[in-house]
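Each chain, written out:
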Amino acid sequence: MPVVMLRAPLKDLAGGNREVKLDGADVRAVVRALEAEYPKTAGWVLDDRGRVRQHVNVFLNGERVREDAAVGADDTLHILASITGGS
Amino acid sequence: MRELLVGSKKGLFVLRGEGPDGFDVAARAFEGSVVEFATRDPRSGRYFASVTSGFFGPRLMWTDDPTGDWETAKGPAFPEGADTTLDRIWVVTPGEADGVLYAGVAPAALFVSTDAGESWSLNEALWQHRIDGDWQPGFGGLALHSICPWPGDPDKLAIGVSAAGVWITEDRGATWRTGYTGLVPRYMPEESWEDTNVLCVHNMHRAPLAPERLFMQFHGSVYRSDDTGSTWNDIAAGLPSGFGFPMTIDPADPDSAFVIPLASDGDRVTPDGRVRVYGTRDAGASWTPLGDGLPAHDAWLTVLRQALGRDGEGEDLGLWFGATSGEVFGSADAGQTWRTVAPRLAPVTSVRVA
């Protein structure tokens, strides 16, 4: 089962878990599983169209991917906010 | 004790105090996010905050204690088939029916809750008008920012959209019609004035004691309608500028409206470096500057659309507004005298009295 690594504030919304195992054939399905397991994360990663938000990054085994990327059982996903400048 | 809900670019500030003097920050919430709007439903006592994270998007939060924990509402959110996503929640307004609230969002859509704000659904009929009419955004986005219920009649509602005009329903949102006769969109070529649907409403309020009357801050003028929003009369004569965003009314006086003019479309600051609220008590025939205690020189402030709130009525009308400079000003005597009630908050997006 793929492993999803979370940082604040998603970690806090997922009960303080930094690492969770969730099933899903692609990134969107894995995030939907996260939302089902931890409802407070709903809408934080995917927008209303089911797309990864513009300023959220999802890395699959170290490579930045979008919502349609296939996920394997031994894969690791990192979900984190983009690095941005400004105030 | 008064409680002011001040939305800002850096979270929600809950101010508590007895009068224009002596307000303290009782709580701060949603640090790191923009709070676009916050209000309290006086029927249930429940508080709502529209919170937008630059990373993780917009969401509506609610609580029964603004100094405690907040819950995430189920929506507003577009169904996946709508092929759009929520950008911002502009306003939350209690309806007339029990448990009903309305939310206006960008891109322009109306959401309805029938369970005191815990879950929300899209008004499909208005959304279809948005699709069929190819509504165009204003500078601040395609925003449904003004919602005017009809006191005592839950079937009737008027809404204002930037830049898609006024929409009116008399069957609880099942069908909608527009009202625009008299509005002059001077930002369009004159040949387009008659036919355009690009009507940039900035703010709109209903007079509760004469609900067929509405006041509107438009993009470049101020208007009054005496026929539920079907036709509009220009009432900006006497103001230093017809441009601005904030507006409110005195609920006890159907001839009253209050605005904070900005210099112009291209120079969105208080005119002449002087901060003044303008009020009318004769339905727009004349306007009185209300500035005793407000900055009178070298003050180039910007006051945003939702950043003027009120409480009370008549001589005891409270007027409270904040600027993007982080100051909040207040009057407890219908604008006759003013005090700075918070001098150094973050840029203010909204002010409402709980």
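Computed from a predicted structure; not experimentally measured.

Asks: Explain the overall build of chain A to me, please; I cannot follow it from the model alone.
Replies: What chain A contains, in helices and strands, is 2 helices and 5 strands. For chain A, the C-alpha radius of gyration of 12 Å lies close to 12 Å, the compact-globule estimate for 87 residues. For chain A, the spread of C-alpha atoms along the principal axes amounts to about 40 × 25 × 25 Å. Evaluated residue by residue, chain A yields a buried proportion of 31% over its 87 residues. Partitioning the intrachain contacts of chain A with sequence separation of at least 6 by distance along the chain shows that 46% fall at a separation of at least 24.

Asks: Just checking my understanding: could you explain the overall build of chain B for this structure?
Replies: Each helix and strand in chain B was counted, giving 1 helix and 28 strands. Over its C-alpha atoms, taken along the principal directions, chain B stretches across nearly 50 × 50 × 40 Å. For chain B, the proportion of its 354 residues judged to be buried stands at 52%.

Asks: I would appreciate a short explanation of the sheet that holds strand S26 (residues 328–331) of chain B in the present structure.
Replies: What holds strands together in a sheet is hydrogen bonding between their backbones, with the strands either parallel or antiparallel. Residues and elements named next belong to chain B. The strand order S24-S25-S26-S27 describes an open sheet built from 4 strands, whose pairing is antiparallel. On the outer flanks of this sheet lie strand S24 (308–311) and strand S27 (339–342), each paired with one strand and no other. Neighbouring strand axes in the sheet, compared pairwise and without regard to direction, differ in orientation by 30° on average. Here 3 bridges tie S26 to S27, and the two strands are oriented antiparallel to one another. Pairing of Phe329 across the sheet is with Thr340, part of S27.

Asks: I tried to follow the interface of chain B and chain A on my own but got confused; where do I start?
Replies: A common way to express how large an interface is: the accessible area buried when the components associate. Contacts between the two partners involve 14 residues from chain B, matched on the other side by 12 residues from chain A. In terms of residue class, the side of chain B that touches chain A is built from 6 nonpolar, 5 polar and 3 charged.

Asks: Just checking my understanding: could you explain the pairing of strand S4 (residues 34–40) of chain B for this structure?
Replies: Within a regular beta strand, the side chains point alternately toward one face of the sheet and then the other, so they alternate between its two faces. Residues and elements named next belong to chain B. Here S4 lies mainly inside the structure; 7 of its 7 residues are buried. Note that S4 and strand S5 (residues 47–53) share 6 bridges and pair antiparallel. If you follow Thr39 over to S5, its bridge partner there is Phe48. The loop that links S4 with its antiparallel partner S5 comprises 6 residues; one of these, Gly45, has a positive phi angle of about 80°.

Asks: Just to check I follow, could you spell out the pairing of strand S17 (residues 214–218) of chain B for this structure?
Replies: All names here are of chain B. Most of S17 sits inside the fold, with 5 of its 5 residues counted as buried. Alternating residues of S17 divide into Leu214, Met216 and Phe218 and Phe215 and Gln217, and every residue in both groups is buried. With 5 bridges connecting them, strand S16 (residues 201–206) and S17 associate as antiparallel partners. By the bridge assignment for S17, Val201 is matched with Phe218. Relative to strand S18 (residues 221–225), S17 runs antiparallel, the two sharing 5 bridges. Bridge pairing in S18 links Phe215 to Arg224.

Asks: For this particular structure, what's the right way to read the sheet that holds S18(B)?
Replies: An order of S16-S17-S18-S19 (chain B) is seen for the 4 strands of this open sheet, with the pairing classed as antiparallel. The strands lining the two open edges of the sheet, one partner per strand, are S16 and strand S19 (233–234) of chain B.

Asks: Where do I start with unusual backbone geometry in this structure?
Replies: Trans is the common state for peptide bonds, and a negative phi is the common state for residues other than glycine. In the segment running from B:Gly75 into B:Pro76, the intervening peptide bond is cis, with an omega of 0°. Take B:Pro76: it is sitting in the loop between strand S7 (71–72) and strand S8 (88–94). Cis peptide bonds are those with omega within 30 degrees of zero, and the linkage from B:Ala106 to B:Pro107 qualifies with -5°. In this fold, B:Pro107 is placed in the loop between strand S9 (101–106) and strand S10 (109–113). Residues other than glycine seldom take positive phi values, yet A:Asn61 does so here, at roughly 50°. With respect to the secondary-structure elements, A:Asn61 resides in the loop between strand S3 (56–60) and strand S4 (63–65).

Asks: Please explain the nonpolar core as it appears in this structure.
Replies: Nonpolar side chains in soluble globular proteins tend to end up buried together. B:Ala49 and B:Ala103 are the most contacted members of the largest nonpolar core, which totals 105 residues. Other than its neighbours up to four places away in sequence, B:Ala103 contacts B:Leu60, B:Pro76, B:Ile89, B:Val91, B:Val92, B:Phe111 and B:Trp120. Within the second largest apolar cluster, 23 residues are counted, among which are A:Ala14, A:Val20, A:Trp44 and A:Ile79.

Asks: How do you make sense of the confidence of the model for chain A when you look at a structure like this?
Replies: The predicted coordinates of low-pLDDT regions are not to be read in fine detail. Across chain A, pLDDT averages 94, with 95% of residues at or above 70. The weakest mean pLDDT in chain A belongs to S4(A) at 94; the strongest belongs to helix H2 (residues 27–37) of chain A at 98.

Asks: Would you explain the confidence of the model for chain B in this entry?
Replies: The pLDDT averaged across chain B works out to 95; a share of 99% of its residues lies at or above 70. Across the interfaces of the predicted complex, the ipTM metric reaches 0.86, alongside a pTM of 0.94.

Asks: Is there a simple way to explain the environment of B:Pro289 in this structure?
Replies: Residue and element names in this part refer to chain B. By the element assignment, Pro289 lies in strand S23 (residues 288–290). Using a count of 16 C-beta atoms within 10 Å as the deciding quantity, one classes Pro289 as partly exposed. Along the chain, Pro289 and His219 lie 70 residues apart, while their C-alpha atoms are 20 Å from each other. Ignoring anything within four residues of it in the chain, the contact list for Pro289 reads Arg276 and Tyr278.

Asks: How should H2(A) be read in this particular structure?
Replies: Residues three or four positions apart in an α-helix share a direction because the helix packs 3.6 residues into each turn. Residues and elements named next belong to chain A. Taken together, the buried positions of H2 are occupied by Val27, Arg28, Val30, Val31 and Leu34. End-on, the buried residues of H2 take up no more than an arc of 165°, which puts them together on one face. Buried positions along H2 lie against strand S1 (3–6), strand S2 (19–21), S3, S4 and strand S5 (76–81).

What counts, and at which threshold
Residues numbered from 1 in each chain as written. Chains lettered and ligands numbered in written order. Predicted model: local features only at pLDDT ≥ 70, side-chain atom pairs only at ≥ 80, totals over all residues. Helix = DSSP H or I, 4+ residues; strand = E, 2+ residues; numbered from the N terminus. Rg over C-alpha atoms; globule rule 2.2 N^0.38 Å. Buried ≥ 20, exposed ≤ 12 C-beta atoms within 10 Å, placed from the backbone. Contact = placed C-beta atoms within 7 Å. Pairing = 2+ DSSP bridges. Axes fitted to C-alpha atoms, helices over the stretch in contact; angles between N-to-C directions. Nonpolar A, V, L, I, M, F, W, Y, C, P; charged D, E, K, R; others polar. Core = buried A, V, L, I, M, F, W, Y, C linked by C-beta atoms within 7 Å. pLDDT = per-residue confidence, 0-100. Arc of directions from axis to C-beta.

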